[in-house]
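# Architecture at a glance
Single-letter residue listing:
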Amino acid sequence: MKHFDENIIKLIRLFAYKMYLIQPDEHIDCVCKDYNTKQGNPACQRCLGIGQKIKIRTIKGVRQPEGMGVGAMSVNSERGVYFVENNYKLREGDFIIWRGEIEQITKTERYCSDAEKPVYYYCETIRKKTNKEIFLKNFHRILNR
């Protein structure tokens, strides 16, 4: 299955584009975190309101939008599906910023072939809806430092 793995990676690399990965460190709380509510300050320029120390990385991946409806409430929302090479370690709870959109990873799966070696990540995301403008403003401030 070596050729199969190589072709999947070639396909991801062919369509991949630049995006940012924000990874919160669940072991280190930010100084802005309110210990009563367990939430960070949305205006914090250190953690972007997440409440934990963060790492920001540039990654390349492919996003495929996928519609999602909620039955009787007739609410339509879009979730994203990302395909990323295995050399990036993605986790649930991480954030992806792509074209001014902020999405949080809700599900990750590592796919492999019969060689039992992980080849790529499949991630499902939902859009961040609260404090989006403040988050992006502070994110761009961090990048311009």
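In case you missed it, the structure is sitting above this.
What this report covers is the structure whose coordinates are included nearby. All values derive from a computational prediction rather than experimental measurement.

Per the secondary structure count, the protein includes two helices and six strands. In the protein, the succession of helices and strands from N to C terminus is α-β-β-β-β-β-β-α. Counting over 145 residues, the protein shows a buried share of 37%. Surface summary for the protein: the accessible area is close to 9300 Å², and the carbon and sulfur share equals 50%.

Where charged atoms from two side chains of opposite charge approach closely, those side chains can pair. In this structure the tally under the stated criterion is nine salt bridges. Two residues, Glu124 and Arg79, come together in a salt bridge whose shortest N-O distance is 3.0 Å. Taken together, the positions of Glu124 in strand β6 (residues 118-127) and Arg79 in strand β3 (residues 75-85) put the pair 45 residues apart, joining distant regions of the chain. The shortest N-O distance in the salt bridge between Arg127 and Glu103 comes to 3.9 Å. Remark: Glu103 occurs in strand β5 (residues 101-112) and Arg127 occurs in strand β6; sequence separation between them is 24 residues. A single salt-bridge network, built from bridges that share partners, covers Arg63, Glu101, Glu103, Arg127 and Lys132.

Time to look at unusual backbone geometry. The phi dihedral of Lys38 falls on the positive side, at around 65°, and the residue is not glycine. Among the structural elements, Lys38 can be located in the loop between β1 (17-29) and β2 (52-70). Exposure remark for Lys38: the relative accessible area of 55% places this residue in the exposed category. Positive phi, close to 60°, is recorded for Leu48, a residue that is not glycine. Within the element layout of this structure, Leu48 appears in the loop between β1 and β2.

What counts, and at which threshold
Residues numbered from 1 in each chain as written. Predicted model: local features only at pLDDT ≥ 70, side-chain atom pairs only at ≥ 80, totals over all residues. Heavy atoms only, no water. Helix = DSSP H or I, 4+ residues; strand = E, 2+ residues; numbered from the N terminus. Buried < 20%, exposed > 50% of the residue type's maximum accessible area, 1.4 Å probe, protein only. Areas by Shrake-Rupley, 256 points an atom, 1.4 Å probe, with all protein chains shown as cover. Salt bridge = Lys/Arg side-chain N within 4 Å of Asp/Glu carboxyl O.

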